[in-house]
Amino acid sequence: MAKTSSTHRSAFVQATHRFDILGYSTLKSLGVRTSVRSGAFEAGGFPWALVCCFDERDKRRGIVLASISLELSKNETDDEVVAMAGLRIDEAAGTGQFPAAVWRSDKANTFSSWSSSAVAWELSVPAAFRDHEARYVDADADRLTIHCTVDVLQHESAAAAATRDCFVSVPPPPSISRDLYKLLRGKCLPDVTFIVEGTEIPAHKLVLAMRSSVFRAQLFYGDRDMKERSTRRIKIKIADMTASTFRAMLYFIYTEEQPRPKKRACRVAMAQDLLVAADLYGLERLRLMCEKILSENMDVDNVMTTLMQIHGRHSCRQLEACCIEFLASNPDVYGAVEATEEYKELEKDCAVFINEVTKKVARRAVARNSPPSSSSSSSLQPHKSVSRYNPNALVRDRHDFVIENLNAVRQTRHNADDQDKEYIRSGTFQVGVYQWAIDVYPWKKADNGKEHIGIYLTLVNAPTADHVNVEASACFRINDPSPTFSHGDGAPSAVHTWVGQSYGNAHFATLESAATSHDGSLTVHGEVQVTSESRTSTAGAYVGAAVIVPLTELAWHLEQLLASQKGSDVKFLVEQREIHAHRLVIAARSLALHKVVVESAGNMTEDHVIINRMSAMVFKAMLHFIYTDELPPRLDSLVLPRDFITVTGDMLAAACRFRLERMKRLCVNLLAEKVTTVSNALATMKVARCHDCPELEQYCRRYMALPHVANKVTEVCIRLFLESQLV
C-alpha cells in the first residue's frame, strides 16, 4: 500500500561565520565603551553581520564583552525574515579539557519586511565564556574567535512519500578508529618499531601499509612478497622528523582524526609539521586537514613559515595560493610581513625564494584589481565565511631631520610677519602606506617670553585621501642627549583623519637647551609608529576558496583490505568454504572472535579456524561489519524476500554471539523496517524474543495494534495455525 502526502516544507537554510577579534585585550584595556563589527556574510540570501560590544557591566570586572548582536543589514523584500542563531566559542588551548561555550536561541526572531537600514537582534554571550573567559581567549595571539550559526527560514512545497519511523534502537556510534587506536596505545601485537629521535615507537605494518602507499612500499617491497614480509619483525629509523610529529601522524593513521595539540602547544606549528609528514607519506586527507588549519589561521607571523615549508611541494599548490592571496590582500599586510624578523632572515639566506614570492604577490595584486567575473550559486546551499577585526598591525620607522645653520635660518626670518606660523619641513618619509613629514617651528615663544622650538608630525599623503583614519605615535629627540617627547601632550598616540593634519608640541624645548652641534646644525631624531586603520576584513579569495577535507576513508581502506585478502593471516572454514581475514583487525574489533582464533591456533593439527552453526553468507556479513562498522549494502538484492527475516535474524544471532553491540542494533532496526505485514510482524516478534530484543518485540506489538492492522491479526494467526497443523 503506497502512502503519500503533500507537504509545505519550511526548511532552515544554515550559514556559519567565523569572526576573529584580534587585539582582544587591547579592546578591553581602552577603558571606554566600544564595539567591533564583523565583515558582511550571507545567510538565506540576506546580508548579516555580528556586532560585539565591550562595556563595563560591573566595577569589579571592568570592561568585558558585554553583548553580541546579529544584525540584518537590509531586507528589500515583501517577506519577513525569520531566523534562529547560535554562538560557539571553542576552548583556546584545543585540549578538549573544557567544553565549548555555546548559546542557542530557543525561538526564532522575526525581522520586518522592507527595511533599508540595519536591524539588530541582541544575542546572549555564552554563560561559560562569561564565567571562564581565560579558557576561551588565545593569550598568545591575543585573539577571540566566535563561531556564529544563522538559520534562515525558507519555504518550498513538495510531494514526498511518508516514511514510518523504523528507528527502534539507537546504535552506538562507529568505533573502528577507537578500536584500532587501542592497539597502538596498548602496544598490542606490534610487528614494526620506528626509532625517532632515539625513541622507540611500536606500530603495526598491516595498518600502516593499508593507509599509506609509501609505508606499503617501505615495509613490504611489493604486493608479491606481502604475506612473507608481514611475518618479519623489523626496526626502521626515521630522520628529519620529531618524535611528537611522528606520533601525531600515527594517531591520524589509526583514527582518521586530527591530532589535538598538547596544552599550550601551537596548533598552527603542529599543522605545519604534520603537513610535511603527510606529504612525505602520501596521507592526502591529513595534508588537507593541515592545509585547512593553516589557511584559516593565517596571519602575519606564520605566513612566511608556511610558504617556506610548502615551497616546491606540488601537492600544496592550493595552500600556496592562499598564502599569496593573503600577502596580496592589502599593502598593510605585506608591509607588516616584511617587518618581521623571519622575513629579514629569509631575505639574507633565501633571496631566490623571497624573489619568487614577491613576483607571485605582485602578479596576484594586479589580478585582484581586474574586474571580477560574475558567478551564481543556490541560495539554499550552506554558506561559510570568515572575517577578522585587526587593530594591531604596527609599523615602525625612524627619520633624522638635520637643519643646517639654524641660527642663520632664524635670522633670515626673524622679522617676518606671523613667524609663529612658519615652519621648516623635513623630506617626506614612508611609514606603513602613509607619507609623513617632521615640521620644526624655530620661533615659538612661551608665556614667559622664552623662545622655544616646536616639533610636529604631519600626515602628508595617504592612499585614499578622502577617507583617512590612521593612528600614529612619535618620539622626538634633539641631538643626543636631549629631551624626548611623545606627541599629543603625553598621550601614546593620535588619530590623523585628514591629509595635512599635524600633532606635536609647540614648546618641545627651549632654544637655549636645544644646543646646536659644533657646525651650528640641529638634528631632530624622530621615531614614528603607525597602527593600521582598525578595520574588519571579510575573507577574500584566500579564505573563500575553502580547503575541502574529504570524508573519512578508514572504513573504505579496511573494506578494500578484506576484499583483496592482502596480508591475510587467518583462514576461517565456514560451511566448507575458506574465508580469509586479518588477525590484527579481529583483535581490535571483536575480542570474542579473536579468542576463538587464539584457541584454534593452539591446535597444531588445524591450519584454519572452524566456525560452526553459522552460514557462510552470515559470517561474511559479520566480517563486513567488523571491517566497516556497517551492515553489507543492498542486502535486499542478496536475499530472497521470503528469507530476509531469517537471514537478518541469523545476523542478529551472530552479533549477539560475538558481542557486536552496534551490529545487533543495526539488525534490529533493519528488521523493524520490514515489518509491513502481520506475517512479518509475527515472524520478527519471534526473532526478537529469541535474542532478547524487547524494543523490537514492542515495536511489532504497536504495529499490530494499528486500527487498519488489528482486524487482520486474528485472521493471519488462524491461517498460520492451520498451516502448522497441516505440516
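This is a predicted model, so every value here is computed, not measured.

Thresholds applied
- Residues numbered from 1 in each chain as written.
- Predicted model: local features only at pLDDT ≥ 70, side-chain atom pairs only at ≥ 80, totals over all residues.
- Heavy atoms only, no water.
- Salt bridge = Lys/Arg side-chain N within 4 Å of Asp/Glu carboxyl O.
- Helix = DSSP H or I, 4+ residues; strand = E, 2+ residues; numbered from the N terminus.
- Buried < 20%, exposed > 50% of the residue type's maximum accessible area, 1.4 Å probe, protein only.
- Pairing = 2+ DSSP bridges.
- Contact = heavy atoms within 4.5 Å.
- Axes fitted to C-alpha atoms, helices over the stretch in contact; angles between N-to-C directions.
- 1 Å grid on protein atoms, 1.4 Å probe; cavity = no way out; pocket = protein on both sides within 12 Å on 5 of 7 lines; lining within 4 Å.
- Points joined across faces, edges and corners; volume = space filled by probe spheres on them.
- Nonpolar A, V, L, I, M, F, W, Y, C, P; charged D, E, K, R; others polar.

Attention shifts here to the pattern of salt bridges. Taken as a whole, this structure holds 25 salt bridges when the rule is applied. The salt bridge involving Lys28 is made with Glu133; its shortest N-O contact spans 2.7 Å. One end of the pair, Lys28, is in helix H1 (residues 24–29); the other, Glu133, is in the loop between helix H2 (127–131) and strand S10 (143–161), and 105 residues separate them in sequence. Given the relative accessible area of 15%, Glu133 is considered buried. One salt bridge connects Glu71 with Arg37, and the closest N-O pair in it is separated by 2.3 Å. Remark: Arg37 occurs in strand S2 (residues 34–37) and Glu71 occurs in strand S5 (residues 62–72); sequence separation between them is 34 residues. A relative accessible area of 40% places Arg37 in the partly exposed class. Taken together, the salt bridges that share partners define one network made up of Asp179, Arg589, Asp629, Glu630 and Arg662.

What follows covers the sheet that holds strand S26 (residues 570–574). If you walk across this open sheet you meet the 3 strands as S27-S26-S28, and the pairing is mixed. Single-partner strands in this sheet number two, and they are strand S27 (577–581) and strand S28 (609–610). Relative to S27, S26 is paired through 5 bridges, and the arrangement is antiparallel. For Val570, the partnering residue across the bridge sits in S27 and is Ala581. Its contacts with the sheet put helix H20 (residues 616–628) on S26 and S27, and the angle it makes with S27 is roughly 5°.

Quick look at empty space enclosed by the protein now. Across all of its chains, the model carries 2 cavities of 30 Å³ or more by this definition. Approximately 50 Å³ is the volume attributed to the largest cavity. Along its surface, the largest cavity is lined by Gln258, Pro259, Pro261, Arg267, Met270, Ala271, Leu274, Cys290 and Ile293. Listing elements by their share of the lining of the largest cavity, those giving two or more residues are helix H8 (267–280) and helix H9 (284–296). Looking at which element gives the most residues to the lining of the largest cavity, the answer is H8, with 4 residues. Grouping the amino acids of the lining of the largest cavity by side-chain chemistry returns 7 nonpolar, 1 polar and 1 charged.

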